[in-house]
Amino acid sequence: MLKIYHNSRCSKSRCALQNLEQSGQPFEIIEYLKTPPTATELVDILQFMGKRPLEIVRKKEPVFLEKFQGKNFTDAEWVRILVENPVLIERPIIVADGQAWVVRTDEILAEITKMEVGIYSDQKF
């Protein structure tokens, strides 16, 4: 089943959610600011993406700028930081069939569509 790690205040996240709703595909909404992923879940998501934690950090967020900018952390430390500060996690993230994507562009949504997970978009991000 598809999962979307969603933030309702984010326009890209709302658009991705709307497209999932229109697809008819069953999916689960995870409001990750209210229910952050566990460290294990986040590590799995990162492995599905083939990314390191720093690659999904929102570097313009005030908490990043105030606490973490310019500092070096290990991947394990970044995972802990992201779990403790979920606002830093890039969004939306869609997880399906052992793969995950940060869906910030039409191209990424189109890539997911090609993988036949049932998402169709006629809206622009």
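A brief look at the structure comes next. All chains use their own residue numbering, which begins from 1 and follows the written sequence. Side-chain atom pairs in this predicted model are given and counted only at pLDDT of 80 or more, local residue features only at pLDDT of at least 70, and totals for whole chains, interfaces and linings cover all residues. For side-chain calculations, the full set of non-hydrogen atoms in the structure is used, while hydrogens and water are omitted.

## A look at the packing of helix H2 (residues 39-49) against helix H4 (residues 75-84)
To be explicit about the condition: The angle between two axes is taken between their N-to-C directions and runs from 0 to 180 degrees, where each axis is a line fitted to C-alpha atoms and a helix contributes only its stretch in contact. Segments assigned H or I by DSSP are reported as helices when at least four residues long, segments assigned E as strands when at least two residues long, and all are numbered from the N terminus. Put simply, a crossing is left-handed when the front helix is turned counterclockwise from the back one by less than a right angle, and right-handed when it is turned clockwise. Here, residues are in contact when the closest pair of their heavy atoms is within 4.5 Å.
For the pair H2 and H4, interaxial distance at closest approach is 10 Å and the crossing angle is 115°. Handedness of the crossing formed by H2 with H4: right-handed. Where H2 abuts H4, its residues Ala39, Leu42, Val43 and Leu46 lie against Val79, Leu82 and Val83.

## Quick notes on the pattern of salt bridges
Quick note on the threshold: One speaks of a salt bridge when a side-chain nitrogen belonging to Lys or Arg is within 4 Å of a carboxyl oxygen belonging to Asp or Glu. Categorising residues by exposure relies on relative accessible area from a 1.4 Å probe, with only protein chains included: less than 20% of the type maximum marks a residue as buried, more than 50% marks it as exposed, and the intermediate range marks it as partly exposed.
Following the criterion strictly, the structure yields five salt bridges and no others. Arginine 58 is the salt-bridge partner of glutamate 61, the closest N and O atoms lying 3.1 Å from each other. The residues glutamate 61 and arginine 58 share a single accessibility class, namely buried. Where glutamate 90 meets arginine 58, a salt bridge forms, and the shortest distance between an N and an O atom there is 2.9 Å.

## A word on the layout of surface pockets
The test is simple: Definitions used throughout: a 1 Å grid over protein atoms alone; a cavity as a set of points that fits a 1.4 Å probe which cannot get out; a pocket as an open set with protein on both sides within 12 Å along at least five of seven lines; a lining residue as one with an atom within 4 Å of a point. Grid points are joined across faces, edges and corners, and a volume is the space filled by probe spheres set on the points. Note on residue categories: nonpolar means Ala, Val, Leu, Ile, Met, Phe, Trp, Tyr, Cys or Pro, charged means Asp, Glu, Lys or Arg, and polar means any other residue, Gly included.
Here the largest pocket is characterised by a volume of approximately 180 Å³. Take the lining of the largest pocket: its biggest share by element is four residues, from strand S4 (residues 99-102). Residue composition of the lining of the largest pocket, by class: eight nonpolar, one polar and four charged.

## Description of H2
For the record, the criterion: In this description, one arc is meant: the one made by directions from the helix axis to the C-beta atoms.
Inspection of H2 places Leu42, Ile45, Leu46 and Met49 among the buried residues, and these make up the whole buried set. One side of H2 holds all its buried residues, which, seen down the axis, span an arc of 100°. The outward face of H2, more than 90 degrees from its buried face, is lined by the exposed residues Thr40 and Gln47. A positive backbone phi angle near 70° is found at glycine 50, which sits one or two residues after H2.

## So, the sheet that holds strand S2 (residues 27-31)
Our working rule: The rule for pairing is simple: two strands pair if DSSP sees at least two bridges between them.
Judged by pairing direction, the sheet is mixed, and its four strands sit side by side in the order S2-S1-S3-S4 without closing on themselves. Two strands in the sheet have a free side with no partner beyond their single neighbour: S2 and S4. Strand-to-strand, the axes of this sheet are offset by a mean angle of 15°, without reference to chain direction. The pairing of strand S3 (residues 93-96) with S4 spans four bridges and is antiparallel. Across the sheet, residue valine 95 finds its bridge partner in S4, namely alanine 100.

## Let's talk about the state of the cysteines
Note on terminology: a disulfide is the covalent bond linking the sulfur atoms of two cysteines. The line we're drawing: What counts as a disulfide here is a pair of cysteine sulfur atoms lying within 2.5 Å.
For the coordinates displayed, the defined rule picks out zero disulfides. Free cysteine cysteine 10: the closest other cysteine sulfur is in cysteine 15, separated by 9.8 Å.

## A look at the environment of valine 79
Topologically, valine 79 is positioned in helix H4. Along the backbone, valine 79 and leucine 54 are 25 residues apart, and their C-alpha atoms lie at a distance of 8.7 Å. Not counting residues within four places of it along the chain, the set of residues in contact with valine 79 comprises Ala39, Leu42, Val43, Leu46 and Pro53.

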